[in-house]
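The lines below spell out each chain.
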Amino acid sequence: MGRTEEFQELRPLLFSIAYRILGSVGEAEDAVQETWLRFEASPASPASTKAFLSAVVTRLSIDVLRSARVRREEYVGQWLPEPLLSDPYEDPARSAELADSVSVAALLLLERLSPLERAVFVLRDVFAFGFPEVAAAVGRSEAACRQLVVRARRHMAEGRPRFAADRREREELASGFFDALREGDVAGLQKLLAADVAMVGDGGGRAPQLARAVSGAENVARLLTTAFVLVARIDVTFEPREINGQPGAVFRDRDGRVLHTLALDVLDGRIQTIRLVINPDKLGHLGPVADAWAVDGEARKVRRPER
């Protein structure tokens, strides 16, 4: 097998590592591409191509994350990871860990970790790398990596919910949620929401927002149904899709361009959090992006017709 074939075989793994460290599809793809350039330029053949490429993409991702932290501190409003419709890496033996680690909730928990803690946790607990491989990837001793993993696990455990919903429960709640949204059924929607449900949007100052943060079942149900009934009049539609392994949907304008994504967190039989990514800079990998300002302006005209 040549270098190109070896790299292409490992590419899904490399992207999945980078995305979990960075929370950005574009930055993860850039890290993978730079990894290929370094692999192609390397004069020697590594003893383990997987170990070599994983180490390169990890170190590149750590460097990018350190600079990204500064940008995220200055980010306008709530920062959310870029939505991922499907994880290219599959491992049946670790399917549960892989699915959980790519959820929006998990990626936000990973934001609490230092770049090194995050990288070590991803390699060790998500992808089951041995400590020698982890140590080589991040340039630290095995003992130091064990300490980093312990700290990372503690931080992650502190923020995780005690009881997670199973897949069937999530799908049933999501189906009811989207049916109620289509029908403008405020009462039906409210029954599916936790009393303290929170809805947050990530526009990054680059798009109009439904709301930066709204809480409470009645408030969220009324706002969502009112907004969707309004935009449906100008032919905005949505298609239910998994977003980062969780129930969600992609919303589109009348020309099929991506307007925003919506993802649901389900816990204890209710929807606990609703997250919308509206920032057009985070949607380009999903296809052509709608002009959210134009859609908003048209919706306002529908709400208040010109005399």
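For the structure itself, consult the block above.
Residues numbered from 1 in each chain as written. Predicted model: local features only at pLDDT ≥ 70, side-chain atom pairs only at ≥ 80, totals over all residues. Heavy atoms only, no water.

Colleague: Please set out the overall build of the chain residue by residue, giving values where relevant.
Modeller: Scanning the chain for helices and strands turns up twelve helices and six strands. Against the compact-globule benchmark of 19 Å for 307 residues, the chain has a radius of gyration of 21 Å, which places it among compact chains. Along the three orthogonal principal directions, the C-alpha set of the chain runs to about 75 × 40 × 35 Å. Out of the 307 residues in the chain, the part that is buried amounts to 49%. (Helix = DSSP H or I, 4+ residues; strand = E, 2+ residues; numbered from the N terminus. Rg over C-alpha atoms; globule rule 2.2 N^0.38 Å. Buried < 20%, exposed > 50% of the residue type's maximum accessible area, 1.4 Å probe, protein only.)

Colleague: Outline empty space enclosed by the protein, supporting the account with residue identities and numerical values.
Modeller: This model, assessed by the stated rule, comprises one cavity of 30 Å³ or more. The space that makes up the largest cavity amounts to roughly 50 Å³. Taken together, Leu 80, Pro 81, Pro 83, Val 104, Ile 243, Asn 244, Thr 261, Ala 263, Arg 275 and Val 277 make up the lining of the largest cavity. Those elements giving two or more residues to the lining of the largest cavity turn out to be strand S5 (258-267) and strand S6 (270-277). Of the residues contributing to the lining of the largest cavity, the split by class is seven nonpolar, two polar and one charged. (1 Å grid on protein atoms, 1.4 Å probe; cavity = no way out; pocket = protein on both sides within 12 Å on 5 of 7 lines; lining within 4 Å. Points joined across faces, edges and corners; volume = space filled by probe spheres on them. Nonpolar A, V, L, I, M, F, W, Y, C, P; charged D, E, K, R; others polar.)

Colleague: Any chance you could break down the nonpolar core for me, citing the residues and the numbers?
Modeller: One finds Ile 17, Tyr 19 and Phe 127 to be the most contacted residues of the largest nonpolar core, which totals 49 residues. Within the residue set of this core, elements represented by two or more residues are helix H1 (3-22), helix H2 (25-41), helix H3 (49-73), helix H5 (104-110), helix H6 (115-126), helix H7 (131-138) and helix H8 (142-159). At ten residues, H1 tops the list of elements feeding residues into this core. Not counting chain neighbours up to four residues away, the residues in contact with Phe 127 comprise Leu 13, Ser 16, Ile 17, Arg 20, Tyr 89, Arg 94, Leu 98 and Val 122. Residues Val 214, Val 231, Ile 234 and Ala 292 belong to the second largest nonpolar core, which totals 38 residues. (Core = buried A, V, L, I, M, F, W, Y, C linked by side-chain atoms within 4.5 Å. Contact = heavy atoms within 4.5 Å.)

Colleague: So, the pattern of salt bridges: which residues are in play, and what are the values?
Modeller: Within the structure shown, the criterion is met by 24 salt bridges. Among the ionic pairs, Glu 34 bridges to Arg 38, the shortest N-O distance being 3.1 Å. Here Glu 34 and its partner Arg 38 are both found in helix H2, four residues apart, which amounts to about one turn of the helix. Across the salt bridge formed by Asp 255 and Arg 257, the nearest N and O atoms sit 3.2 Å from each other. In this structure Asp 255 comes out as exposed when scored by relative accessible area, which is 57%. For Arg 257, a relative accessible area of 33% gives the class partly exposed. Connected through shared salt-bridge partners, Arg 72, Glu 111 and Arg 118 make up one network. (Salt bridge = Lys/Arg side-chain N within 4 Å of Asp/Glu carboxyl O.)

Colleague: Can you tell me about the packing of helix H9 (residues 167-183) against helix H11 (residues 217-232), naming the residues and giving the values?
Modeller: One way to put it is that H9 packs onto H11 with a least axis distance of 8 Å and a crossing angle of 55°. Relative to H11, the element H9 lies oblique. Counting all contacts with H9, which are made through Phe 177, Ala 180, Leu 181 and Arg 182, the residues of H11 involved are Leu 224, Thr 225 and Phe 228. Across the contact of H9 with H11, the residue classes tally to five nonpolar, one polar and one charged. (Axes fitted to C-alpha atoms, helices over the stretch in contact; angles between N-to-C directions. Parallel < 35°, antiparallel > 145°, perpendicular 65-115°, else oblique.)

Colleague: Residues and numbers for unusual backbone geometry, please.
Modeller: A positive phi angle, near 60°, is found at Ala 128, a position not held by glycine. Tracing the backbone through its elements, the reader meets Ala 128 in the loop between H6 and H7. Under the relative-accessibility criterion, Ala 128 is labelled partly exposed at 39%. Phi at Asp 235 is positive, roughly 70°, even though this residue is not glycine. Following the sequence through the fold, Asp 235 ends up in the loop between H11 and strand S3 (237-243). Take Asp 235: its relative accessible area is 40%, and that puts it in the partly exposed class.

Colleague: Explain the environment of Ala 136 to me, and be specific about the residues and the numbers.
Modeller: Of note, Ala 136 is situated in helix H7. For Ala 136, a relative accessible area of 47% puts it in the partly exposed group. Ala 136 sits 85 residues away from Ala 51 along the chain, and the two C-alpha atoms are 8.4 Å apart. Those residues in contact with Ala 136 that sit more than four places away from it in its chain are Ala 55 and Arg 59.

Colleague: Break down the environment of Met 199 for me, citing the residues and quoting the values.
Modeller: Summarising the element assignment, Met 199 is placed in strand S1 (residues 193-202). Each C-alpha atom, one on Met 199 and one on Leu 108, is 15 Å from the other, the two residues being 91 residues apart in sequence.

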